[in-house]
Amino acid sequence: MSKGLEDVVAGTSAITFIDGVRGRLIYAGYDISDLAEHSSYEEVAYLLWHLRLPKPGEFESFAADLRSAGGLPLGVLEGIDDLELECDTMDALEMAIAALGIYDDPRLDTLGKAASIASKIGTIVPYIHAHKTGAKHHEPRKDLSFASNLLYLLNGREPDAFSEKLMNVLLVLHADHELNASTFTARVVASTLSDMYSSVNAAIAALKGPLHGGANERVVEMVERIGSPEGVPRFLAEKFANKEKIMGFGHRVYKTLDPRARILRGYAGRIAATRAERNDLAILDRLADEMVKQKNIYPNVDFYSGFVLHHLGVPTYLFTPFFAVGRTPGWLAHIMEQYSNNRIIRPIAEYTGPRDERYVPIGLRGGSITP
Ligand code: ACO
């Protein structure tokens, strides 16, 4: 028995490899640094689903399919329109993906459904934002890349080339991460031969938690609370005294710096332009230095991602939904891999309760409590 299934090999997969000691992340043979620098969301989605990079003709038709599938069924739009304005954005996303399953096009094959889900989640998240803020909703544009379209739907204007690049980097870095909690959840649900929408939705539910994708929002709150780099030692001392976790640090698999955090720190340094951004980055850096020095615990992907998302105009309450948009190609790759070689995932528990109790009728159980 391994608490939290640490180091348990729960299956085989050809999608993603993590070397937690050397801090390497590899999608179907390609190092994440190489992909983040040279590739795009569309190309990485193809790589994860086909386990090879697309050839020129294949890329254009795959990207065109993805970019043209972003329109939402009326029922999904109306479902979001009916939500309370204060609703939690991850709850709203779960509702919308469930509704998407209800309006599923039965003519689509598995890859067609995957393209449809990946594309539509990129419309759903900005639509939830438009609903909550009263901002104008824009129709997805087929002439824009997935990354550009996401920012266009969110901010109402086409991003410049560098912002598009930055969004692509974020999406590529988040695209997959082996058997993390949400992906494992998706595979468990897929292993019952449940549908792709339900499997993705289960993954979204797992991602929501603060120990997983919900950590990025908490990092920003923590930076706001600390206020200045000088406030870091006191903040950490209090947290350690209360035995509380520091959000954005630690990882089950990496024993060194998460390569995604390293890449995002590089971009954070390039984009920190305003005084407020430079102050926030100085707080993040001080936190990282102190945590490594005092605890030998390193930043994970959630540590710098919020900083980059803020720079792109993404509000804090959309950080985890944006993580979900980025991770959807990975979830779908794992769901399809599970379907292709399936056996229901059903481990066993080490039972720790009693075995020989005798049933006593309720009236004879004593110790009654008068209401
Ligand atoms: N802050 C302070 N101490 C930490 C942290 C942290 N963020 N992470 C781990 N530790 C310490 C633990 O207290 C523990 O110390 P101990 O052995 O003295 O008790 C030791 O390091 C091992 O930690 P575990 O919690 O057992 O590690 P586990 O592999 O179970 O958890 C997790 C990994 C959930 C990521 C954990 O590091 C954590 O809670 N981090 C904060 C939340 C976070 O940033 N989550 C995002 C992860 S990345 C992602 O999902 C996208």
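Residues numbered from 1 in each chain as written. Predicted model: local features only at pLDDT ≥ 70, side-chain atom pairs only at ≥ 80, totals over all residues. Heavy atoms only, no water.

K.L.:
Even after reading the chapter, I still don't get the nonpolar core, so can you show me in this structure?
P.N.:
Core analysis: the largest hydrophobic core is formed by 105 residues, its most contacted members being Trp-49, Leu-93, Met-167, Leu-287 and Leu-332. For this core, the element with the highest residue contribution is helix H16 (residues 319-340), accounting for 10 residues. The contacts of Leu-332, once residues within four sequence positions are left out, are Trp-49, Ala-114, Ile-117, Ala-118, Met-196 and Val-200. (Core = buried A, V, L, I, M, F, W, Y, C linked by side-chain atoms within 4.5 Å. Buried < 20%, exposed > 50% of the residue type's maximum accessible area, 1.4 Å probe, protein only. Helix = DSSP H or I, 4+ residues; strand = E, 2+ residues; numbered from the N terminus. Contact = heavy atoms within 4.5 Å.)

K.L.:
I'm lost on the pairing of strand E1 (residues 16-19) in this one. Help?
P.N.:
Taken residue by residue, a regular strand's side chains alternate between the two faces of the sheet. Across 4 bridges, E1 lies against strand E2 (residues 24-27) in antiparallel orientation. Within E2, the position partnered with Thr-16 by the bridge is Tyr-27. A loop of 4 residues connects E1 with E2, the two strands running antiparallel in sequence, and Gly-23 in this loop sits at a positive phi of about 70 degrees. (Pairing = 2+ DSSP bridges.)

K.L.:
Explain the side chain of Asp-19 to me, please; I cannot follow it from the model alone.
P.N.:
The topology assignment puts Asp-19 in strand E1. On the basis of relative accessibility, which here comes to 13%, the residue Asp-19 falls in the buried class. Polar side-chain contacts of Asp-19 include one of 3.1 Å to the backbone nitrogen of Val-21. Here Arg-22 takes part through its side chain, which lies 2.8 Å from a polar atom of the side chain of Asp-19. Excluding residues within four positions of it along the chain, Asp-19 makes contact with Arg-24 and Tyr-254. (Polar contact = N/O pair within 3.5 Å; in protein donor to acceptor, adjacent residues only side chain to side chain.)

K.L.:
What am I meant to see in the site of the ligand here?
P.N.:
Around the ligand sit 18 residues, and of these His-212, Lys-245, Ile-246, Gly-248 and Arg-252 come closest. The separation between a nitrogen atom of the ligand and a polar main-chain atom of Leu-211 is 2.9 Å. With respect to the ligand, the backbone of Gly-248 contributes an N or O atom lying 2.8 Å from an oxygen atom. In the complex, 62% of the free accessible area of the ligand, which totals 910 Å², lies under the protein chains. Class assignment of the residues belonging to the shell around the ligand gives a composition of 10 nonpolar, 5 polar and 3 charged. (Near = heavy atom within 4 Å. Areas by Shrake-Rupley, 256 points an atom, 1.4 Å probe, with all protein chains shown as cover. Nonpolar A, V, L, I, M, F, W, Y, C, P; charged D, E, K, R; others polar.)

K.L.:
Would you explain helix H3 (residues 56-68) in this entry?
P.N.:
Every α-helix winds through 3.6 residues per turn, so residues three or four apart in the chain are directed the same way. Relative to the 18 Å expected for 13 residues at 1.5 Å per residue, H3 spans 18 Å between its end C-alpha atoms, a close match to the ideal helical length. Those residues of H3 that sit buried are Phe-62, Ala-63 and Leu-66. Down the axis of H3, the buried set is contained in an arc of 95 degrees. They therefore lie on one face. Those residues of H3 hidden inside the fold are in contact with helix H2 (41-50) and helix H6 (110-133). (Expected span 1.5 Å × (residues − 1). Arc of directions from axis to C-beta.)

K.L.:
Got a minute to help me understand the packing of helix H8 (residues 161-174) against H16 in this structure?
P.N.:
In a pair of packed helices, the angle between the axes and the distance between the axes together describe the arrangement. Here H8 crosses H16 at 70 degrees, and the two axes come no closer than 7 Å. For the element pair H8 / H16, the angle class is roughly perpendicular. Classified by chirality, the crossing of H16 by H8 is right-handed. Note on element contacts: H16 touches H8 through Phe-322, Phe-323, Val-325, Gly-326 and Arg-327, opposite Met-167, Leu-171 and His-174. By residue class, the composition of the contact of H8 with H16 is 5 nonpolar, 2 polar and 1 charged. (Axes fitted to C-alpha atoms, helices over the stretch in contact; angles between N-to-C directions. Parallel < 35°, antiparallel > 145°, perpendicular 65-115°, else oblique. Left-handed = near helix turned anticlockwise from the far one by under 90°.)

K.L.:
Help me understand the pattern of salt bridges in this model?
P.N.:
Pairs can form between side chains of opposite charge once their charged atoms are near each other. Inspection of every chain in the model, using the stated rule, returns 16 salt bridges. Measuring nitrogen to oxygen at the nearest pair gives 2.8 Å for the salt bridge that ties Asp-19 to Arg-22. The partner of Arg-24 in a salt bridge is Asp-31, with the nearest N and O atoms 3.0 Å apart. One salt-bridge network, in which partners are shared between bridges, spans Arg-141, Asp-143 and Glu-158. (Salt bridge = Lys/Arg side-chain N within 4 Å of Asp/Glu carboxyl O.)

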